[in-house]
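Observations on the three-dimensional arrangement
One-letter residues, chain by chain:
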Amino acid sequence: MATIKVKQTGSPIRRTKDQRATLVGLGLNKMHRVAELQDTPEVRGMIRKVQHMVEVVEG
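What counts and how
Residues numbered from 1 in each chain as written. Predicted model: local features only at pLDDT ≥ 70, side-chain atom pairs only at ≥ 80, totals over all residues. Heavy atoms only, no water. Helix = DSSP H or I, 4+ residues; strand = E, 2+ residues; numbered from the N terminus. Rg over C-alpha atoms; globule rule 2.2 N^0.38 Å. Pairing = 2+ DSSP bridges. Axes fitted to C-alpha atoms, helices over the stretch in contact; angles between N-to-C directions. Contact = heavy atoms within 4.5 Å. Buried < 20%, exposed > 50% of the residue type's maximum accessible area, 1.4 Å probe, protein only. Salt bridge = Lys/Arg side-chain N within 4 Å of Asp/Glu carboxyl O.

**A short note on the overall build of the chain**
Scanning the chain from terminus to terminus reveals two helices and three strands. Its helices and strands in sequence order give the chain the pattern β-α-β-α-β, from N to C terminus. For 59 residues, the compact-globule formula gives about 10 Å, and the C-alpha radius of gyration of the chain, at 10 Å, lands near that figure. Across its three principal directions, the C-alpha atoms of the chain cover 35 × 20 × 15 Å.

The following block contains the structure:
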């Protein structure tokens with residue numbers, strides 16, 4: 001299955017609890033951390049929810 005790399009670029013300070021939990025679910029909880037995840041609709045939805053705090057490094 002294809003993978004996708006996601007990098008955290010924004011701070012979770014002053015964000016809602018569900019957005020913080022989404023970052024932890026993606027494996028991101030510190031700035032500039034990169035996580036390699038499977039490219040599934042569920043992961044895409046999580047990325048879309050916190051798109052202002054993450055960037056896709058490579059598809």
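**Comments concerning the sheet that holds strand β1 (residues 3–8)**
The three strands are arranged β2-β1-β3 in an open sheet whose pairing can be described as antiparallel. Since the sheet does not close on itself, it has two edges, and those belong to β2 (34–38) and β3 (54–58), each with one partner. Each neighbouring strand pair of the sheet contributes to a mean axis angle of 35°, computed without reference to strand direction. Pairing geometry for β1 and β2, over five bridges, is antiparallel. From the neighbouring strand, Lys7 faces β2, where its bridge partner is Val34. Its contacts with the sheet place helix α2 (residues 41–49) against β1, β2 and β3, and it is angled at close to 20° to β1.

**Digging into the environment of Gln38**
Take Gln38: it is sitting in strand β2. Assessed through its relative accessible area of 48%, Gln38 is described here as partly exposed.

**Describing the pattern of salt bridges**
Enumeration according to the criterion identifies two salt bridges in this entry. A salt bridge links Asp18 to Lys49, with the shortest nitrogen-to-oxygen separation between them at 3.2 Å. In this pair, Asp18 sits in helix α1 (residues 17–25) while Lys49 sits in helix α2, placing the two residues 31 residues apart along the sequence. By relative accessible area, Asp18 is classed as partly exposed at 39%. A salt bridge links Arg44 to Asp39; its shortest N-O distance comes to 2.7 Å. For Arg44, a relative accessible area of 39% corresponds to the partly exposed category.

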